[in-house]
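Residue strings, one per chain:
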Amino acid sequence: LLTGLAYENFLIAGQAGQMASIVAGVAAFLVLDREPSPRNDRIVCALMIVALCSSGLGIPVLVGVAVELLLTPAGRERLWVIFVPFLLYVLWYVFYGTNRAEVHDYAISALWAWVALCHAAGAIIGERQSEPGQQMLIVILIVLAYRTFRITAAGRARMAAIATLLVSFYGLTAVSRHDVAPPSSS
């Protein structure tokens, strides 16, 4: 729903890694809904490893799950399920990762991310221009802010996790793509 104009990426066989990261992330959130147990912790840890090994979308998924764990008392005792995949990712990044972003790129990236979010929100209502998307995004944010005060603490933790996941996804995408593609691209 929130991929905006990138829906066709999920129809391309070469993008199966992205879908694997998303599926592993959704599964991890489903397992977090279960009663905490060592078995469920191992499952979440394994799902986070799958998400990170499948594509770069695993990074926002890991961040989202980490936020949910940090915001719940029982979750703070289970943070190892995030540290193990994170350390494996850092180990991989040290040997194989690259970063071409420079400090001056971050302001441009923030604007790129906002416009990309506007396009994604516009895609929900079938609009491909930025302005209707921006209006839709503002409506969505207002509704979510109102809804946040009317749900349980566990629901607020989940909303914060999903919001952090989306912000980190668009932020990381902006840093890596702001100079190679317009925000309206898939």
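About the criteria used
Residues numbered from 1 in each chain as written. Predicted model: local features only at pLDDT ≥ 70, side-chain atom pairs only at ≥ 80, totals over all residues. Heavy atoms only, no water. Helix = DSSP H or I, 4+ residues; strand = E, 2+ residues; numbered from the N terminus. Rg over C-alpha atoms; globule rule 2.2 N^0.38 Å. Buried < 20%, exposed > 50% of the residue type's maximum accessible area, 1.4 Å probe, protein only. Areas by Shrake-Rupley, 256 points an atom, 1.4 Å probe, with all protein chains shown as cover. Lys, Arg positive; Asp, Glu negative; His and termini not counted. Charge placed at Lys NZ, Arg CZ, Asp CG, Glu CD. Phe/Tyr/Trp six-rings, centres within 6.5 Å; stacked < 30°, edge-to-face > 60°. Salt bridge = Lys/Arg side-chain N within 4 Å of Asp/Glu carboxyl O. Expected span 1.5 Å × (residues − 1). Patch = residues over 30% accessible without salt bridge, like charges linked within 9 Å, V, L, I, M, F, W, Y side chains within 5 Å. Contact = heavy atoms within 4.5 Å. Polar contact = N/O pair within 3.5 Å; in protein donor to acceptor, adjacent residues only side chain to side chain. Axes fitted to C-alpha atoms, helices over the stretch in contact; angles between N-to-C directions. Parallel < 35°, antiparallel > 145°, perpendicular 65-115°, else oblique. Left-handed = near helix turned anticlockwise from the far one by under 90°. Nonpolar A, V, L, I, M, F, W, Y, C, P; charged D, E, K, R; others polar. Core = buried A, V, L, I, M, F, W, Y, C linked by side-chain atoms within 4.5 Å.

Novice: Explain the overall build of the protein chain residue by residue, including any values.
Specialist: The helix and strand inventory of the protein chain stands at eight helices and zero strands. Each helix (α) and strand (β) of the protein chain, taken in turn from the N terminus, gives the series α-α-α-α-α-α-α-α. Scaling as 2.2 N^0.38, a compact globule of 186 residues should have a C-alpha radius of gyration of about 16 Å, and the protein chain matches this with 17 Å. Its C-alpha atoms put the protein chain at 50 × 45 × 35 Å along the principal axes. Here the protein chain, with 186 residues, has 33% of them falling under the buried criterion. Accessible surface, the protein chain as shown: approximately 10,900 Å² in total, 69% of it carbon and sulfur. Taken as two groups, the 12 positive and 11 negative side-chain charges of the protein chain have centres that lie 9 Å from each other.

Novice: Summarise the packing of aromatic side chains; cite the residues concerned and give the values.
Specialist: Using the criterion set out here, one finds four aromatic pairs in the structure. Ring centres 5.5 Å apart and planes at 35° place the aromatic pair Tyr89 and Trp92 in the tilted group. Residue Tyr89 and its partner Trp92 are located together in helix H5 (residues 80-96), separated by three residues, close to a single helical turn. A relative accessible area of 42% means that Trp92 is categorised as partly exposed. In this structure an aromatic cluster arises from ring pairing among Tyr89, Trp92 and Tyr93.

Novice: With reference to specific residues and values, describe the pattern of salt bridges.
Specialist: For the coordinates displayed, the defined rule picks out three salt bridges. One salt bridge connects Asp41 with Arg78, and the closest N-O pair in it is separated by 2.6 Å. Here the residue Asp41 occupies a position in helix H2 (residues 38-54), and Arg78 occupies one in the loop between helix H4 (73-76) and H5, the gap between them amounting to 37 residues. Classification of Arg78 by relative accessible area gives buried; the value is 9%. Within the structure, one salt-bridge network assembled from shared partners comprises Asp33, Glu68 and Arg158.

Novice: Give me helix H3 (residues 58-70): which residues, what numbers.
Specialist: Structurally, the α-helix is built with 3.6 residues per turn, so residues lying three or four positions apart point the same way. In a regular helix each residue adds 1.5 Å, so 13 residues correspond to 18 Å; H3 covers 18 Å between its end C-alpha atoms and thus fits that length. Turning to H3, its buried residues number three or more, namely Gly58, Pro60, Val61, Leu62, Gly64, Val65, Ala66, Val67, Glu68 and Leu69.

Novice: Report on a nonpolar patch on the surface, specifying residues and quantitative values.
Specialist: A surface patch of nonpolar side chains, amounting to about 1,100 Å² of accessible area, comprises Phe83, Phe86, Leu87, Val90, Leu91, Trp92, Tyr93, Val94, Phe95 and Tyr96. Inspection of the secondary structure puts Tyr96 in helix H5.

Novice: Run through the environment of His178, naming residues and quoting values.
Specialist: Here His178 lies in the segment after helix H8 (153-177). Through-space distance from the C-alpha of His178 to that of Val103 is 13 Å; in sequence the pair is 75 residues apart. Contact partners of His178, with chain neighbours within four places excluded, come to Asp105, Ile108, Ser109, Trp112 and Thr173. Engagement of the side chain of His178 in a polar contact is seen with the side chain of Ser109, the distance being 3.4 Å.

Novice: Help me get a handle on the packing of H3 against H5, residues and values and all.
Specialist: Relative orientation of the contacting elements H3 and H5 amounts to 155°, with a least axis distance of 10 Å. Considering their axes alone, H3 and H5 lie roughly antiparallel with respect to each other. Between H3 and H5 lies a crossing of left-handed hand. Contacts between H3 and H5 involve Ile59, Leu62, Val65, Ala66 and Leu69 on the former and, on the latter, Val81, Ile82, Pro85, Phe86 and Tyr89. A breakdown of the residues in the contact of H3 with H5 according to their chemical character gives ten nonpolar, no polar and no charged.

Novice: Break down the nonpolar core for me, with residues and values.
Specialist: The nonpolar side chains of a soluble globular protein tend to be buried, and buried together. In this structure, Val44, Met48, Val65, Leu69 and Ile82 are the most contacted members of the largest nonpolar core, which totals 22 residues. Only helix H1 (16-32), H2, H3, H5 and H8 provide two or more residues apiece to this core. When neighbours within four sequence positions are excluded, Val65 is seen to be in contact with Ala28, Phe29, Leu32, Val44, Met48 and Ile82. Core analysis: the second largest hydrophobic core is formed by six residues, Trp112, Ala113, Tyr170 and Ala174 among them.

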